[in-house]
Amino acid sequence: MTALRMEDHLGDYSMEHKIEIKHLGKQFEVRKSVLTALEDISLNVKKGEFVSIVGPSGCGKTTMLRILGGLEEPSLGEFVMAHEHPEQPLCSIVFQEHSIFPWMTVRKNIAYGLKLRKQPKRVVAEVTNHYMDKVGLRAFADSYPHQLSGGMRQRVSVARAFANDPEILLMDEPFAALDEQNRLLLQQELLRIWEESKKTVVFITHSIDEAIFLSDRIIVMTARPGTVKASFEVNLPRPRTIENVRESARFQELFSDIWGALKEEVDKAKRAEGLDS
């Protein structure tokens, strides 16, 4: 089955969920054989929920995000993303690598989606300035990407995604390539913007710390073929700071439980690599 949109197909789906995935699978042909990347994924995400997905390398996390973003077709199953406001984009994607346009300034990159949607000039200017301020880049409004650090370029990516005002934000390890200090700063900035907008977010990461700090819920995936192994509620109060999260007993408990579920899958993935070599 192919992907379905809520306005096209109600079926058995519930309006309380922003994303509903049912028995999703993805297969690729590799050297005349079939590689199963995802198998029987069933998962719901509520409106306004921040969900992080962790799993061993090669488990299909990015493939699932690309399917949700319309960049890949599923081989099996179906999913629904409820598009409640047709005047807004359904989703925006932030990738690990910098995906901003090198020939555009910071201001023009952030404004790109708004201009594409033919928003009034006043709205474009107000929204662009708002998000430049949010990520601390107003002083660099007329700079080009090659004049910015890696952390600053990723701030542009995040600001552009929020400025476009999608209903759903899909983020594929957006801070993985950054050093620890920049990663912590951007996590805090992302959380501040999200707490203001309450977008539905699906966030892929390899970092358990990052997932706990940001999320309402964390999904652990199995080694390939990837499927859902466990789900953890992150019942830590908001607003959050790095300090109050990491010093809490609940953080330590969650980290231990998530790593316990994940370590077994990481070990399986490593054994499979050994067999494949």
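Here we summarise the structure given alongside this text. (Residues numbered from 1 in each chain as written. Predicted model: local features only at pLDDT ≥ 70, side-chain atom pairs only at ≥ 80, totals over all residues. Heavy atoms only, no water.)

By the alternation rule, side chains of strand β6 (residues 91-94) split into Ser92 and Val94, which are all buried, and Cys91 and Ile93, of which none is buried. As defined by bridge partners, β6 adjoins strand β7 (residues 168-172) across four bridges and the pair is classed as parallel. Counted as the bridge partner of Val94 is Met171 from β7. (Buried < 20%, exposed > 50% of the residue type's maximum accessible area, 1.4 Å probe, protein only. Helix = DSSP H or I, 4+ residues; strand = E, 2+ residues; numbered from the N terminus. Pairing = 2+ DSSP bridges.)

Following the sequence through the fold, Ser215 ends up in the loop between α6 (208-214) and β9 (217-221). Using a relative accessible area of 0% as the deciding quantity, one classes Ser215 as buried. Every residue in contact with Ser215, bar those within four places of it in the chain, is listed here: Phe50, Ser52, Val234, Arg238 and Arg240. (Contact = heavy atoms within 4.5 Å.)

Ile110, Met171, Leu190, Phe203, Ile212, Val220 and Ile258 are the most contacted members of the largest nonpolar core, which has 53 residues in total. The biggest single contributor to this core is helix α4 (residues 150-163), with seven residues. Contacts of Val220, omitting those with residues within four sequence positions, involve Val54, Thr227, Val228, Lys229, Ala230, Phe232, Ile258, Ala261 and Leu262. One finds Leu38, Leu68, Ile168 and Met221 within the second-largest nonpolar core, a separate group that totals 23 residues. (Core = buried A, V, L, I, M, F, W, Y, C linked by side-chain atoms within 4.5 Å.)

This part takes up the pairing of strand β8 (residues 200-204). The element β8 is largely enclosed, with a buried count of five among its five residues. Side chains of β8 alternate between two faces, with Thr200, Val202 and Ile204 and Val201 and Phe203 buried alike. Here strand β4 (residues 50-54) runs beside β8; their pairing, made up of four bridges, is parallel. Paired with Ile53 across the strands is Ile204, a residue of β8.

A few words on helix α1 (residues 61-68). Counting buried positions over the eight residues of α1 gives six, a clear majority of the element. Burial in α1 covers these residues: Lys61, Thr63, Met64, Leu65, Ile67 and Leu68. Positive phi shows up at Gly70, right after α1, with a value of about 80°.

Their axes nearest at 7 Å, the elements helix α2 (residues 106-116) and α4 cross at an angle of 30°. Relative to α4, the element α2 lies roughly parallel. In this structure, the crossing between α2 and α4 has a hand that is right-handed. In this structure, α2 uses Val106, Asn109, Ile110, Tyr112 and Leu114 to contact α4, whose residues at the interface are Val156, Ala159, Arg160 and Ala163. Its residues placed into classes, the contact of α2 with α4 shows seven nonpolar, one polar and one charged. (Axes fitted to C-alpha atoms, helices over the stretch in contact; angles between N-to-C directions. Parallel < 35°, antiparallel > 145°, perpendicular 65-115°, else oblique. Left-handed = near helix turned anticlockwise from the far one by under 90°. Nonpolar A, V, L, I, M, F, W, Y, C, P; charged D, E, K, R; others polar.)

Here we come to the environment of Ile41. Residue placement: Ile41 occurs in strand β3 (residues 33-46). Given the relative accessible area of 0%, Ile41 is considered buried. Along the primary structure Ile41 and Ile53 are separated by twelve residues, whereas in three dimensions their C-alpha atoms are 12 Å apart. With residues near it in sequence (within four places) discarded, Ile41 still touches Ile21, Lys22, His23, Leu24, Met64, Met221, Gly226, Thr227 and Val228.

Turning our eyes to something else, we now look at the sheet that holds strand β10 (residues 228-233). Taken in spatial order, the six strands of this open sheet run β6-β7-β8-β4-β9-β10, and their pairing is mixed. Here the strands that pair on one side only, and so sit at the sheet edges, are β6 and β10. When the angles between neighbouring strand axes are averaged without regard to direction, this sheet yields 15°.

The subject of this paragraph is α2. Residues spaced three or four apart along an α-helix face the same direction, because each turn holds 3.6 residues. Along α2, the positions that sit buried rather than exposed are Val106, Asn109, Ile110, Ala111, Gly113 and Leu114. Looking at the buried positions of α2, the neighbouring elements they touch are α3 (121-134) and α4. Just downstream of α2 lies Lys118, where phi reads positive at about 60°.

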